[in-house]
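Reading the structure
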Amino acid sequence: MQNVAEKKLIIGTRGSALALWQAEYVKSRLKNECGLDSEFKIIKTQGDKILDVPLAKIGGKGLFTKELEQKLLDKEIDLAVHSLKDVPVEIMPLLDLAAITEREDCRDCFLSMKYESLESLPQGARVGTTSLRRSMQIKAFRADLDTLSLRGNIQTRLEKLKNGVFDAIILAQAGVKRLGIDVKKNDMGICHIVPLDFMIPAMGQGALGIEMRKDNAYFEIVSKLTHKKSALCVSAERSFVRVLEGGCQVPIGVQGVYDGEILRLRAMVGLPNGQEILQESLEDSMLEDEIVRAESLGKNLAQSFIAKGAKEILTRAKNMAFA
């Protein structure tokens, strides 16, 4: 095998500004913490190609990851960098997450040209979002708002907001922060960017997943980039979604918070119109490397949801999304 210093790893990434930021972040850490040089290979996924259909209708597993995973299987790339919320909970047998990075702010955020908050939007205002989960929570908060599908990369979404297609849009706070979008220094006139504390995020939101072939000689080296507390939280979240057999085509929010050796997991499922929602939380004490215990916490919370009819609600939610 080549000496570590001589090996140049190939990083597979999508081509959006945010994806390239994420890949550059991983590239820098590989160099500084693992002594590994790397370069990018840009890959277009199905989710990047189909932009005129709501995510729920073209959903399914691997919408933003399948093509990257195929390149891993074909050994055309050594690692793929994903937004962890896009990574299906069931990973192909030859592949695994080598590392989960430290989580950025996992909240959703509100952006508008002229309105200060969701509360200040006029009746019937148009709110753009890619997510049934976000739509569910917005509708539960204000049933009069009109949640509409918003596709494309962050720059495209911001342009639609600027051009008046929407009165407000909802994005992940992590992406907004990573791209340096700030009300004090943006050239698009976005006056209001407000984190939404009341909303429960998607599983893994704010963290990056580095996926590799399990037989890659550098798998263990790359695993050093894992942030243990973040991995603990998102492992519980992914376990919750796995047991519910959910994905991006159904409205599920779940968030783990690790504080003082206590992992608290809160979650919600419901209908996209916000008219029926289950919400519950569970906690357990554990050390930050007890991933199996965290997964059990997610499983236990999911089973509690199932006992209260969560699977039936999610089936109805999926039918509504495809109607």
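Whatever comes next refers back to the structure up there.
Residues numbered from 1 in each chain as written. Predicted model: local features only at pLDDT ≥ 70, side-chain atom pairs only at ≥ 80, totals over all residues. Heavy atoms only, no water.

Quantified by volume, the second largest pocket comes out at close to 370 Å³. Looking at the second largest pocket, it is lined by 17 residues, and the ones nearest its centre are D96, L97, I100, S235 and I291. If you list the elements that add at least two residues to the lining of the second largest pocket, you get β4 (95–100), α9 (228–244) and α10 (291–307). Of the residues belonging to the lining of the second largest pocket, the class tally is 10 nonpolar, 3 polar and 4 charged. (1 Å grid on protein atoms, 1.4 Å probe; cavity = no way out; pocket = protein on both sides within 12 Å on 5 of 7 lines; lining within 4 Å. Points joined across faces, edges and corners; volume = space filled by probe spheres on them. Helix = DSSP H or I, 4+ residues; strand = E, 2+ residues; numbered from the N terminus. Nonpolar A, V, L, I, M, F, W, Y, C, P; charged D, E, K, R; others polar.)

Before going further, it helps to examine the pairing of strand β1 (residues 8–13). Burial within β1 is extensive, with 5 of its 6 residues counted as buried. Looking at chain direction, β1 and strand β2 (residues 37–42) are connected through 6 bridges and run parallel. Paired with G12 across the two strands is K41, which belongs to β2. Bridge count for β1 against strand β3 (residues 79–83) is 2 bridges, and the pairing is parallel. Across the sheet, the residue bridging to I11 is L79, located in β3. (Buried < 20%, exposed > 50% of the residue type's maximum accessible area, 1.4 Å probe, protein only. Pairing = 2+ DSSP bridges.)

Glancing now at the packing of aromatic side chains. Evaluated as defined, the whole model comprises 3 aromatic pairs. Plain terms: the ring middles of W21 and Y25 are 5.5 Å apart, the flat faces sit at 10° to each other, and that makes the pair stacked. Remark: Y25 and W21 occur in helix α1 (residues 17–34); sequence separation between them is 4 residues, near one turn of the helix. Among the residues examined, W21 registers a relative accessible area of 33% and is labelled partly exposed. For Y25, a relative accessible area of 26% translates into the label partly exposed. Centroid distance F141 to F198: 4.7 Å. Interplanar angle 20°. Geometry classified as stacked. Of this pair, F141 sits in helix α5 (residues 132–141) while F198 is found in the loop between β9 (192–196) and β10 (208–213), placing the two residues 57 residues apart along the sequence. Overall, F141 belongs to the partly exposed group, its relative accessible area being 34%. Classification of F198 by relative accessible area gives partly exposed; the value is 34%. (Phe/Tyr/Trp six-rings, centres within 6.5 Å; stacked < 30°, edge-to-face > 60°.)

The next point concerns the nonpolar core. Core analysis: the biggest nonpolar cluster contains 28 residues, and F240, L244, I252, L263, V269 and F305 have the highest contact counts within it. Mapped by element, the contributors of at least two residues to this core are α9, β11 (252–259), β12 (262–270), α10 and α11 (310–322). For this core, the element with the most residues is α9, which contributes 6 residues. Core analysis: the next-biggest nonpolar cluster, separate from the first, contains 19 residues, I11, A23, C34 and L79 among them. (Core = buried A, V, L, I, M, F, W, Y, C linked by side-chain atoms within 4.5 Å.)

Going through the model one piece at a time under the given rule, you end up with 21 salt bridges. With its nearest N and O atoms 2.7 Å apart, the salt bridge here joins R142 to D144. With a relative accessible area of 14%, R142 lands in the buried category. Accessibility expressed as a relative area gives 27% for D144, which makes it partly exposed. Between E245 and K311 there is a salt bridge, with its nearest N and O atoms 3.1 Å apart. Here the residue E245 occupies a position in the loop between α9 and β11, and K311 occupies one in helix α11, the gap between them amounting to 66 residues. The exposure class of E245 is exposed, given its relative accessible area of 65%. (Salt bridge = Lys/Arg side-chain N within 4 Å of Asp/Glu carboxyl O.)

Any functional reading would require information that these geometric values do not contain.
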